[in-house]
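Architecture and fold: a report
Residues per chain, in single letters:
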Amino acid sequence: MLSQFYRSHYRHLLLFVACTMPLFWWQAEQLKSNNDVETWLPKNTPAREVYEQFKRDFGNEDVLLLGFEAATTSPELIEAVAGRIERLAGIRLCYTPGRLISQMENLGVEQAEANRRLTGLLVGADGRMAGIIAVLSAAGTRDRAGVVRDCRAVIDYCRIPSDTVAITGAPVIVTELDRLGDQKTNRRFFVITVAICFGLLYLSLRHLGLALSIVGAALWGIYLTQAVIMVCGGEMNFILGSLSVLVMIFTLSIAVHVVGYYTQALDDGAADPLASAIKDSLSPCLLSTLTTLLGLISLNVSNMAPVSQFGYASALGSVVAMFVGLGVTPALLMVWPDGCSNGLRLSLGFGAWADFVRYRRAPLLGGSLVLMLCAAGGLTLLQSDINPVEFLPKNSPVLTDLKRVERGLTNVDSIEAVVDFGYGKQPFLERLEAVREIEKLISSQRGVRHVVSLASFFPIDLPSSPFALGSMLSKAQASQGAAGLTAHDHSLWRLSIRVENSVERPAEMIYRDLMATTQGLPIEYTGMTPLLECAQAEIFSSFWQSFTAACLTITLVMILALRSIVTGLIAMVPNIVPIWLIFGAVGYCGMPVDIGMMMTGSIALGISVDCTFHFLVHYRQSYQSGLSSAQATKVALEHSGGPMLTSTLISSAGMLALCLSSFAPTARFGWMMSLQMMASVLGELVILPALLCCRPSRRATIAVSEIDAVVEVDTETVSAVEPQSTDEPNVLPINELAGPAVVHSLAGPYFGKARGKRKKSRTRDLGVLPFQRRAGQ
């Protein structure tokens, strides 16, 4: 017996938890962050395959862009800075305006023309800013944070004022995202989460020791989850930053239900309240953990690596939370057996509320249907967004530098166009002229700020002499600036396109216009902008796929657990409606759905079903005991309403603490989860009871042994009859039944045609109700 196990070994279990917590904490602290933008992009898609082939052909160009105020920084100083940066271990080469102009002049391009060609790339349109492009080496890509730190050290060494220089580019953004998504940075709002959960738990239990120990056990579960991820070679990212809060919520939700059942057993005077609590909580908690697992595992249908990683990690966390909630909480109750006897009972009149819902179920369900129909319009307005720049805080210095460079120099967003001439014998000059025409066509498009290709280094008028042309080509091939602009013996030519990214005309729109303009030409587009376009489509695809998978699998579990198709389908409605309403409201507000918000639907569905299981387990027990559906609903609400409301409040408040994060995806994830969980109260306390009260009254059969008859009565009416004593045996005072009771005798000439003894198998265990056998009564 489990209760006997805890009486004998609860000290050993708690000692194990206390001794292993420092070890798990140390392992969890070793987790590293990886917020590389490429890891967020869809894998196993045509767009990703094209991008990977582009990197194999032209190399992986991870670049830093440094912008200097021309008024305070001379060209000679810029060259000196570039020389020092180029000697860093993580830098492969540097481009400066002086170097590129010199190479163009060496090929016959006039200085004024060369300066014009660099305007919008390394020279500002107004001449107020000049730049350096630093290309990272393979070692630099592995240590972006170190390269960014070394570049800043070079600028400080050259005594350039920080307000006259701006550093941006993918390495800077990824480094900042790593910092924002790091566990140490997120510790502040996690501490607030712990404080909120402890406060609500203490308010519910009114016992300091029990509340502290349950929160401590939840922390142990968090460290255990992170330690397992560390041992398995996992990495943290900006989405996994909320994992610790989720595990905390999962654990406390189960613990609250276990303590609630224990309190109920104490109030009922059970001989072994711990055994009763374990028995009552085991089945619904196991089933609710299973549904949570299904909701989290459904995230693995996504092609985005961080989403699938979060699915596996949070699924592990839910299993650990189940072990802590079901396994450790009873041990803590052995330490403080009376720890919840003085707790705050949520006596909010759940019985009266059940009666209210029962008699007003039609308008309540009608209003819910109207809300759903209105929210459906908002779902059609949902838009996706996965721009990493928008993940930065509004007051971030990194975002400030990015905007300075984009205003004064060029844009970080780029589109790479690859012209494929094949392996034919087309002369180099023809290919050069073709690329030059394509470059002009692309440059004429609205929103295109700059285009550079190998043709940009050649003069407009090429020499007619083959010898002179060959010499020019040899110089171009030896030129550092032209490196990486062609591949496979000039069969592939690269055009690097810098595009503006504004609200009125985002980069994705420019990309689609370029594809339409150059349709029919041997051009293939890739780069970060096309990948982000693909990622935005993947967000919607992953959202609907994961949510649909979660709905189907959880519904199947519901049907199997409740052994009823109808009840299983009914139980899913109140869990889907709140999610439907919240996402509909998001659509009406015009708020774009990012990668973090996309996951909340499946996660919230898996969590909200937990309370449904606890409710339906008690409903089913009461209904099978002979109560009507309305009365079983009332009993279930009175028994489970308090723990359901407490766990939902703790979970919602804990998620709200995530909103304090300066990392936008984490904050959005927090308030979306909190809103959906608070909205789940509408489903659990209004929609589900109202739907169950609409269940048709069953007709039960009642055996009367003495006359070998079967009586059919409306069970809702019979259950309302108070037991009455009668001096005459085998007499049922039918005339005293409240309401229009309908009694049919199925055997005997007094009450109609007999239907045979074989119908006795339909008799329910409602007791033998005697009635008067004399004629006329």
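What counts and what doesn't
- Residues numbered from 1 in each chain as written.
- Predicted model: local features only at pLDDT ≥ 70, side-chain atom pairs only at ≥ 80, totals over all residues.
- Heavy atoms only, no water.
- Helix = DSSP H or I, 4+ residues; strand = E, 2+ residues; numbered from the N terminus.
- Buried < 20%, exposed > 50% of the residue type's maximum accessible area, 1.4 Å probe, protein only.
- Salt bridge = Lys/Arg side-chain N within 4 Å of Asp/Glu carboxyl O.
- Axes fitted to C-alpha atoms, helices over the stretch in contact; angles between N-to-C directions.
- Parallel < 35°, antiparallel > 145°, perpendicular 65-115°, else oblique.
- Left-handed = near helix turned anticlockwise from the far one by under 90°.
- Contact = heavy atoms within 4.5 Å.
- Nonpolar A, V, L, I, M, F, W, Y, C, P; charged D, E, K, R; others polar.
- Polar contact = N/O pair within 3.5 Å; in protein donor to acceptor, adjacent residues only side chain to side chain.
- Pairing = 2+ DSSP bridges.

Our focus in this paragraph is unusual backbone geometry. Positioned with a positive phi, Arg159 is a non-glycine residue whose angle comes to about 60°. Tracing the backbone shows Arg159 in the loop between helix 8 (144-157) and strand 4 (165-168). In this structure Arg159 comes out as exposed when scored by relative accessible area, which is 76%.

Now for the pattern of salt bridges. Pairing is possible between side chains that carry opposite charge, provided their charged atoms lie close to one another. Tallied over the entire structure, the rule returns 17 salt bridges. With a shortest N-O distance of 2.5 Å, Glu113 and Arg116 are connected by a salt bridge. Linking Glu113 with Arg116, this pair stays in helix 6 (residues 111-118), spanning three residues, or about one helical turn. Arg116 sits in the exposed class, given a relative accessible area of 51%. Residues Glu416 and Arg494 are paired through a salt bridge, measuring 2.9 Å at the closest nitrogen-oxygen approach. Of this pair, Glu416 sits in strand 5 (residues 414-420) while Arg494 sits in strand 8 (residues 492-499), placing them 78 residues apart in sequence. Since its relative accessible area comes to 6%, Glu416 is described here as buried. Relative accessible area serves as the criterion here: at 6%, Arg494 is assigned to the buried category. Counted as one network, the salt bridges with shared partners bring together Arg48, Glu52 and Lys55.

A separate point is the packing of helix 1 (residues 2-29) against helix 11 (residues 208-231). Remark: helix 1 packs on helix 11, axes separated minimally by 8 Å, with the N-to-C direction vectors making an angle of 45°. One element, helix 1, and the other, helix 11, form an angle in the oblique class. Between helix 1 and helix 11 lies a crossing of left-handed hand. Facing Phe16, Val17, Thr20, Met21, Phe24, Trp25, Gln27 and Ala28 of helix 1, the residues of helix 11 in contact are Gly216, Leu219, Trp220, Tyr223, Leu224, Gln226, Ala227, Met230 and Val231. The class makeup of the residues in the contact of helix 1 with helix 11 is 13 nonpolar, four polar and no charged.

For the rest of this paragraph, the subject is the side chain of Glu416. Here Arg494 takes part through its side chain, which lies 2.9 Å from a polar atom of the side chain of Glu416. Separated by 3.1 Å, the side chains of Glu416 and Ser496 make a polar contact. Glu416 has contacts with Phe54, Arg494, Leu495, Ser496, Glu524, Tyr525, Thr526 and Gly527, leaving out every residue within four places of it along the chain.

Attention now moves to the sheet that holds strand 3 (residues 129-136). The four strands are arranged 2-3-1-4 in an open sheet whose pairing can be described as antiparallel. Each edge of the open sheet is held by one strand with a lone partner, namely strand 2 (91-95) and strand 4. The sheet shows a mean angle of 20° between the axes of neighbouring strands, direction not considered. Two strands pair when backbone bridges link them, and strand 2 and strand 3 are joined in this way by four bridges, in the antiparallel orientation. Bridge pairing links Cys94 to Ala134 in strand 3. Along the sheet, helix 8 makes contact with strand 1 (63-69), strand 2, strand 3 and strand 4, crossing strand 1 at roughly 20°. Sheet strands touched by helix 17 (residues 397-408): strand 1, strand 3 and strand 4. Its angle to strand 4, the strand with the most contacts, is close to 105°.

Below, the discussion takes up the environment of Ser74. In this structure, Ser74 sits in the loop between strand 1 and helix 4 (75-86). Overall, Ser74 belongs to the partly exposed group, its relative accessible area being 32%. With 56 residues separating them in the primary sequence, Ser74 and Ala130 have C-alpha atoms 9.4 Å apart.

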